[in-house]
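# Fold and geometry: a report
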Amino acid sequence: MTTSRFTSVIAMKGINPFILVSAARARTIKPGWRKPLPVLVRIDGKPAKAWRINMMPAGGGSFYLYLHGDVRKASGAAVGDRVRVEIEFDSSYRNGPQHPMPRWFKQALSANPHTMMHWKALTPSRKKEILRYFSRLNSQEARARNLAKALHVLSGKTGRFIARAWKNGS
């Protein structure tokens with residue numbers, strides 16, 4: 001697959017830093033693609049092993065390349081910086097969760113059928129986001145704290161979890 005290389009300024013959309021990838025550039029990466037586009041990304045040549053990110057459709061064939069904190073930290077880039085961008089289609093991408101469900105989360109869901117029902121009703125992308133979030137938790141305290149938040153919102157109660165407002169289990 002072809003690697004697209006260009007320079008761009010990191011902008012903000014709400015609270016999200018991003019780079020706008022034009023329709024012409026997106027076509028060189030994967031012609032005719034209209035849904036979230038899995039890509040491998042380096043910013044200013046960092047990191048050595050490219051980040052796996054989904055570019056999000058912006059309309060008219062353009063895409064938003066959202067840059068989470070780990071990507072910006074690895075490259076030393078900040079909002080407003082002009083950076084060198086390298087993007088290529090991630091042909092190894094497979095849809096669905098890439099992180100297994102932690103045993104401690106599975107046990108907690110199994111103990112409450114109502115909470116399990118809400119988990120099963122979530123979209124695949126939301127499940128994937130939660131499992132990815134859980135995979136990055138290092139301490140027992142963080143796991144316990146986030147498990148309590150997850151079970152609270154998945155039980156149908158109103159609350160915040162993974163930077164989202166939840167109501168009625170979603």
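Scroll up to find the structure.
Here the structure is a predicted model, which is why all the values come from computation and not from measurement.

## Some points on the sheet that holds strand 5 (residues 46–59)
Pairing in this open sheet of seven strands is antiparallel, and the strands run 1-7-4-5-6-3-2 from one edge to the other. A single partner strand is all that each edge strand has here, and the edge strands are strand 1 (3–9) and strand 2 (11–13). Each strand axis lies, on average, 45° off the axis of its neighbour in the sheet, ignoring direction. Pairing of strand 5 with strand 6 (residues 62–66), which is carried by three bridges, proceeds in the antiparallel orientation. Counted as the bridge partner of Pro57 is Phe63 from strand 6.

## Overview of the pairing of strand 5
As judged from the six bridges shared by strand 4 (residues 37–43) and strand 5, these two strands associate in the antiparallel manner. Bridge assignment links Ile43 to a residue of strand 5, and that residue is Lys46. Remark: two residues form the turn of the hairpin made by strand 4 and strand 5, two consecutive strands paired antiparallel; Asp44 in that turn has positive phi of roughly 50°. The antiparallel hairpin formed by strand 5 and strand 6 contains two residues in its connecting segment, where Gly60 sits at a positive phi of about 65°.

What counts as what
Residues numbered from 1 in each chain as written. Predicted model: local features only at pLDDT ≥ 70, side-chain atom pairs only at ≥ 80, totals over all residues. Heavy atoms only, no water. Pairing = 2+ DSSP bridges. Helix = DSSP H or I, 4+ residues; strand = E, 2+ residues; numbered from the N terminus. Axes fitted to C-alpha atoms, helices over the stretch in contact; angles between N-to-C directions.

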